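Chain by chain, the residues run as shown.
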Amino acid sequence: MDLRALRYFIETVRQGSFTVAAERLCVTQSTVSKMLRQLEDEVGQPLLHRDGRRIRVTDVGRILFDRGQEALGVMRELNREVADLTALARGELTVGLPPTVNLFFTPVVKAFRERHPGVRLTLVERGGQIIEQQVASGELEVGVTLLPVDPALGLATRTVGRHPIVAVGPADALWARQAQVDLSHLDGEALVLLHDDFALTRQLRDAFRRFGVEPRIVAQSGQWDFLVALAAAGLGTALLPQPLLARMALHPELAVRPLADPALAWTVAHIWPPGRYLSHAARAWLAVCEDVLDGGAIG
């Protein structure tokens with residue numbers, strides 16, 4: 001059913017006159033008459049009974065008038081909602097963030113809420129590998145993970161920070177005698193790592209395989225500060241991003257050394273599926289991140 005014809009019909013009934021309705025609609029009277037005939041043809045029933053200059057609404061016309069007002073009201077509300085979403089006056093967005101990087105996004109969240117107070121922002125904390133899968137499946141529009149991303153998922157990436165990975169452990173550890181730590185220095189050493197669903201652990205396991213190192217993992221946790229506590233207790237060596245340690249007061253007996261391999265870096269990146277529609281809220285989040293993080297600097 002033509003919504004314009006429906007609007008002309010409703011206005012004619014309201015005014016009780018073709019002439020007045022045409023004036024209100026800023027069209028000719030013949031246009032109103034033509035649209036009403038078209039509407040009657042579509043319905044298959046007369047909608048108006050013309051008695052000289054008077055207009056009477058038929059039973060079918062009364063139903064169409066009542067329901068038509070509801071339909072036009074829905075369309076007006078739809079247009080308002082679309083306009084609000086486009087202007088980011090409303091909407092919602094869920095972003096996946098690994099627990100290891102959430103603190104660095106505090107100023108981003110603050111800026112996003114200040115710029116777009118009408119958008120409901122939800123942050124979901126998951127390991128990087130889980131976030132990658134959820135973004136690839138469409139469960140999340142955008143997320144944050146560590147590079148490299150699983151190439152099989154075909155995700156687009158935008159780097160927002162790159163920092164060295166450091167070894168943290170007892171000062172009497174063999175690797176602590178070096179200025180930098182080769183992975184071969186960790187062969188046979190007790191390690192305390194993040195859980196396997198963290199992208200950093202995936203990256204480290206891949207590197208161990210390349211270097212022929214068999215990691216002896218004695219504990220795993222999802223909390224990086226707990227791993228540092230385990231290292232301070234002498235239970236093993238933790239491998240963590242340097243910016244995380246910069247936020248902690250480390251025990252003076254702990255040794256901290258960067259890994260020697262420059263390819264082993266903590267590279268934080270946004271991810272999203274290329275070619276898939278991104279909501280206005282998601283695009284606004286990426287824009288705010290670029291502004292606040294100065295084009296891609298965490299730490």
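Refer to the structure printed above.
Structure report, in brief. In this text, all values refer to a predicted model and were calculated from it rather than measured experimentally.

Rules behind the numbers
- Residues numbered from 1 in each chain as written.
- Predicted model: local features only at pLDDT ≥ 70, side-chain atom pairs only at ≥ 80, totals over all residues.
- Heavy atoms only, no water.
- Core = buried A, V, L, I, M, F, W, Y, C linked by side-chain atoms within 4.5 Å.
- Buried < 20%, exposed > 50% of the residue type's maximum accessible area, 1.4 Å probe, protein only.
- Helix = DSSP H or I, 4+ residues; strand = E, 2+ residues; numbered from the N terminus.
- Contact = heavy atoms within 4.5 Å.
- Axes fitted to C-alpha atoms, helices over the stretch in contact; angles between N-to-C directions.
- Parallel < 35°, antiparallel > 145°, perpendicular 65-115°, else oblique.
- Left-handed = near helix turned anticlockwise from the far one by under 90°.
- Polar contact = N/O pair within 3.5 Å; in protein donor to acceptor, adjacent residues only side chain to side chain.
- Nonpolar A, V, L, I, M, F, W, Y, C, P; charged D, E, K, R; others polar.

## Section: the nonpolar core
Ranked by internal contacts, the top residues of the largest apolar core, which has 65 residues, are Leu93, Phe105, Val142, Leu239 and Trp285. Element by element, the count of residues in this core is highest for helix α10 (residues 280–292), at seven residues. The contact partners of Leu93, leaving out residues within four places of it in the chain, are Phe112, Val119, Arg120, Leu121, Thr122, Glu141, Val142, Ala281, Ala282 and Trp285. In this structure, Phe9, Val13, Leu39 and Leu64 belong to the second largest nonpolar core, which totals 19 residues.

## Structural notes on the packing of helix α1 (residues 3–15) against helix α2 (residues 18–25)
For the pair α1 and α2, interaxial distance at closest approach is 8 Å and the crossing angle is 125°. Taken together, the axes of α1 and α2 lie oblique to each other. Of the two elements, α1 crosses α2, and the hand of that crossing is right-handed. On α2, the residues that touch Arg7, Tyr8, Glu11, Thr12 and Gln15 of α1 are Phe18, Val20, Ala21, Arg24 and Leu25.

## Observations regarding the side chain of Thr267
Residue position: Thr267 is located in strand β11 (residues 265–272). With residues near it in sequence (within four places) discarded, Thr267 still touches Thr145, Leu146, Leu147, Thr159, Gly161 and Arg162.

## Some thoughts on the side chain of Ser221
With respect to the element layout, Ser221 can be found in strand β8 (residues 216–221). For Ser221, a relative accessible area of 8% gives the class buried. A polar side-chain atom of Ser221 sits 3.0 Å from the main-chain amide nitrogen of Gln223. Filtering out sequence-adjacent residues up to four positions away, Ser221 remains in contact with Leu193, Leu194, His195, Phe226 and Leu227.

## A word on the environment of Ala21
Along the chain, Ala21 falls in helix α2. If we skip the residues at most four places from it in the chain, Ala21 touches Glu11, Thr12 and Gln15.

## Focus on the packing of α2 against helix α3 (residues 29–43)
Interhelical geometry of α2 versus α3 gives an angle of 105° and a closest axis separation of 8 Å. As far as their axial angle goes, α3 and α2 are roughly perpendicular. Of α3, the residues touching α2 (which contributes Phe18, Thr19, Ala22 and Leu25) are Gln29, Val32, Ser33 and Leu36. Tallied by class, the residues present in the contact of α2 with α3 amount to five nonpolar, three polar and no charged.

Function-wise, these values are silent; they only describe arrangement.
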